Amino acid sequence: MEPELPGGEGGGEAAEEGLIEFYGSFKEMFEFFCKNSTIHGTVRLVCSGRNRMKTAFWTLLLLASLAMLYWQFALMFSQFWAYPVVLTMSMDSEPKMFPAVTICNLDPSRFELVSEQLEQLELMAEESLTFLYGPKASARLARLRDRNRDRDRDGAIRVQAWANLSSAGFRLSHNFSLVRMWDPGAGRKHSRVGFRLCNSTGGNCFYTSHPSGMDALLEWFHFHYMNVMAQLPPGLPRHPQHFQDLVYSCQYDGEPCRPSDHVHFHHPVFGSCYTFNSKGTDPFWAATKPGIPYGLSLILRAEQKEHLPLLSTVAGVKVMIHSHNQTPFLEHEGFHIRPGIATTIGIRQDQVNRLGGNYGRCTTDGADVAVELLYNNSYTLQACLHSCFQRAMVQRCGCGYFYYPLPAGARYCDYSRQPAWGHCFYQLYSRLRNHRLDCFQHCPKPCRESLYKVSAGTAKWPSAKSQDWVRQALRHQNGYNSSSSSSSSSSRRDIAKVTIFYRQLSSQAVHEAPLLSENLLLGACDWLWFCFFLLGNTSHRSHMLKYGWEE
């Protein structure tokens with residue numbers, strides 16, 4: 001049986017074909033489409049026309065198959081528009097530069113301009129210790145204060161140029177005294193310690209409480225210390241520091257360090273600091289071999305002068321390994337080197353490369369970030385967050401946080417000028433810590449950054465058998481002068497040794513790649529269409545042969 005041709009009768013001669021032919025009705029056009037289309041099931045809509053049950057069944061089946069097809073399309077497009085990424089890792093074994101290394105002596109200096117206020121603060125700390133734990137707890141602090149008073153007559157930082165800018169007008173406030181708070185349901189063994197902060201009207205107050213009295217005392221001391229240090233003029237010259245005051249010996253790759261290899265800065269909490277290889281451009285710091293002999297070896301002075309003993313309870317040296325041209329945020333990163341210990345630190349460099357754009361927000365150099373950095377170094381997430389928080393402090397509290405750089409025209413907070421700045425600061429910092437401040441929306445991660453994974457090992461140094469000649473060598477060559485007793489336990493209290501080296505020169509690079517790119521999306525769509533029409537074409541041809549519609 002011959003199939004009907006459009007526009008003619010079955011078995012008759014074919015009409016002469018025109019340039020453009022039209023079907024006599026929509027039914028004829030639909031039948032022609034169903035008989036010649038390769039879509040699965042369409043031919044059965046025609047052949048089962050005499051049976052309405054079959055027609056309805058095949059219609060539902062065709063609509064269901066089309067729905068499944070477009071459902072798959074929707075799944076693919078929704079996955080594509082979610083912009084997922086997949087991480088790929090690669091290894092690089094090329095020679096590289098040694099990272100920047102920052103060390104601090106954990107001994108901030110006392111400025112003569114505020115020495116009177118600092119002594120008053122230590123007296124207040126003794127009173128707080130006596131109130132919390134009895135007179136024995138403050139006896140040691142009183143002896144340290146008396147000893148520091150005699151020593152600081154010669155050791156305090158004197159600034160003759162600012163002698164007329166006396167801070168005598170500033171008085172420490174007793175409105176922020178430490179108090180112990182009892183939980184009625186927990187018994188007298190469970191208490192919290194803190195101090196009270198109120199807004200400018202006094203109608204909104206809260207306590208900064210800690211379960212540990214030590215943590216509360218340190219925070220209380222830091223709070224008053226910031227108010228005292230805010231009295232120093234912004235352009236105050238720093239006390240001249242000597243490299244040998246902290247570093248007795250410095251070698252890299254077996255060669256002695258040069259004066260140009262380090263830069264000095266003073267941190268208000270961590271004391272005198274030095275950064276080695278800060279720029280990362282000197283060929284002297286090129287790392288060509290892994291291992292301890294080819295790393296940075298330092299012999300450090302770890303004597304605790306205890307100028308301000310309540311700023312930190314840690315003894316030793318603070319060390320941080322970071323990228324070049326990066327501000328070291330020592331309060332967030334780094335580790336401590338114990339006195340009398342030789343520490344070996346093996347490092348491995350990892351590179352992280354982010355896609356950015358639709359696949360996640362990141363910045364190449366910070367130029368496209370709305371927050372203007374207050375640090376004169378390359379962009380980092382911490383630098384952006386600190387800058388954003390400081391600007392929020394100036395805008396909402398009327399003054400700046402002492403530990404961060406100031407924007408132009410701003411002043412540091414101090415409760416003689418802004419009595420309620422502490423209330424504003426703690427609320428604002430709580431919002432930042434809980435990610436409720438918009439700084440995290442304004443500060444993206446860098447698109448490319450270097451991370452350093454460290455592994456450390458320690459041993460007592462110098463040993464009991466070698467300490468005599470080690471100390472003699474340091475005394476003759478490096479000006480070492482120990483104030484410790486001759487016993488083996490106390491003779492190691494004022495020196496430490498640290499060696500930082502590459503464990504291996506190969507670095508691991510982590511790259512973000514699109515999980516579903518445009519090419520993969522188009523290929524998946526083509527594959528679905530191909531499978532759908534291939535199955536339909538096979539069914540169509542078998543049905544045409546069955547009913548004799550194939551020539």
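Now for a look at the structure at hand. (Residues numbered from 1 in each chain as written. Predicted model: local features only at pLDDT ≥ 70, side-chain atom pairs only at ≥ 80, totals over all residues. Heavy atoms only, no water.)

## Points about the overall build of the protein chain
Right, so step 1: Within the protein chain, the regular secondary structure consists of 11 helices and 20 strands.
Right, so step 2: Looking at the protein chain as a whole, 43% of its 551 residues are labelled buried.
Right, so step 3: Carbon and sulfur atoms form 54% of the exposed surface of the protein chain, whose accessible area is close to 30500 Å². (Helix = DSSP H or I, 4+ residues; strand = E, 2+ residues; numbered from the N terminus. Buried < 20%, exposed > 50% of the residue type's maximum accessible area, 1.4 Å probe, protein only. Areas by Shrake-Rupley, 256 points an atom, 1.4 Å probe, with all protein chains shown as cover.)

## Concerning the layout of surface pockets
Right, so step 1: The volume enclosed by the largest pocket comes to roughly 1000 Å³.
Right, so step 2: Of all the elements in the fold, those that place two or more residues in the lining of the largest pocket are strand S6 (205-210), helix H6 (213-229) and helix H8 (421-433).
Right, so step 3: By residue number, the principal contributor to the lining of the largest pocket is H6, which donates six residues.
Right, so step 4: Residue composition of the lining of the largest pocket, grouped by class: 15 nonpolar, nine polar and six charged. (1 Å grid on protein atoms, 1.4 Å probe; cavity = no way out; pocket = protein on both sides within 12 Å on 5 of 7 lines; lining within 4 Å. Points joined across faces, edges and corners; volume = space filled by probe spheres on them. Nonpolar A, V, L, I, M, F, W, Y, C, P; charged D, E, K, R; others polar.)

## Focus: unusual backbone geometry
Right, so step 1: A cis amide bond, omega -10°, links tryptophan 461 with the succeeding residue proline 462.
Right, so step 2: At asparagine 277, a position not held by glycine, the phi torsion is positive, near 55°.
Right, so step 3: Mapped onto the elements of the fold, asparagine 277 is located in the loop between strand S10 (271-276) and strand S11 (286-287).

## Concerning a nonpolar patch on the surface
Right, so step 1: A surface patch of nonpolar side chains, about 310 Å² in accessible area, is lined by Met68, Trp71 and Leu75.
Right, so step 2: Residue position: methionine 68 is located in helix H3 (residues 52-81).
Right, so step 3: For methionine 68, a relative accessible area of 48% puts it in the partly exposed group. (Patch = residues over 30% accessible without salt bridge, like charges linked within 9 Å, V, L, I, M, F, W, Y side chains within 5 Å. Salt bridge = Lys/Arg side-chain N within 4 Å of Asp/Glu carboxyl O.)

## As for the packing of helix H7 (residues 381-397) against H8
Right, so step 1: Viewed as axis vectors pointing N to C, H7 and H8 meet at an angle of 140°, and their least axial separation amounts to 10 Å. Relative to H8, H7 is oriented oblique. Considering how the two elements wind past one another, H7 and H8 form a crossing that is right-handed. For the pair formed by H7 and H8, the contact residues are Phe389, Ala392, Met393, Arg396 and Cys397 on the first element and Trp421, Cys424, Phe425, Leu428, Tyr429, Arg431 and Leu432 on the second. (Axes fitted to C-alpha atoms, helices over the stretch in contact; angles between N-to-C directions. Parallel < 35°, antiparallel > 145°, perpendicular 65-115°, else oblique. Left-handed = near helix turned anticlockwise from the far one by under 90°. Contact = heavy atoms within 4.5 Å.)

## Considerations on the sheet that holds strand S5 (residues 191-198)
Right, so step 1: Ordered in space as S4-S5-S6, the three strands form an open sheet in which the pairing is antiparallel. The sheet terminates laterally at strand S4 (179-182) and S6, the two strands that pair on one side only. Taking the axes of each pair of neighbouring strands and ignoring which way they run, one obtains an average angle of 45° across the sheet.
Right, so step 2: As defined by bridge partners, S5 adjoins S6 across six bridges and the pair is classed as antiparallel. Across the sheet, the residue bridging to arginine 196 is tyrosine 207, located in S6.
Right, so step 3: Each of S5 and S6 is contacted by H6, which is oriented at about 20° to S5, the strand it contacts most.
Right, so step 4: Along the sheet, H8 makes contact with S5 and S6, crossing S5 at roughly 120°. (Pairing = 2+ DSSP bridges.)

## Things to note about the environment of cysteine 205
Right, so step 1: With respect to the element layout, cysteine 205 can be found in strand S6.
Right, so step 2: A relative accessible area of 26% places cysteine 205 in the partly exposed class.
Right, so step 3: Here the alpha-carbon distance between cysteine 205 and histidine 423, two residues 218 residues apart in the chain, equals 7.7 Å.
Right, so step 4: Once residues lying within four places of it in the same chain are set aside, the contact partners of cysteine 205 are Arg196, Leu197 and Cys198.

## Focus: the environment of cysteine 250
Right, so step 1: Within the secondary structure, cysteine 250 sits in strand S7 (residues 247-252).
Right, so step 2: Placed 49 residues apart in sequence, cysteine 250 and isoleucine 299 show a C-alpha to C-alpha distance of 6.7 Å.

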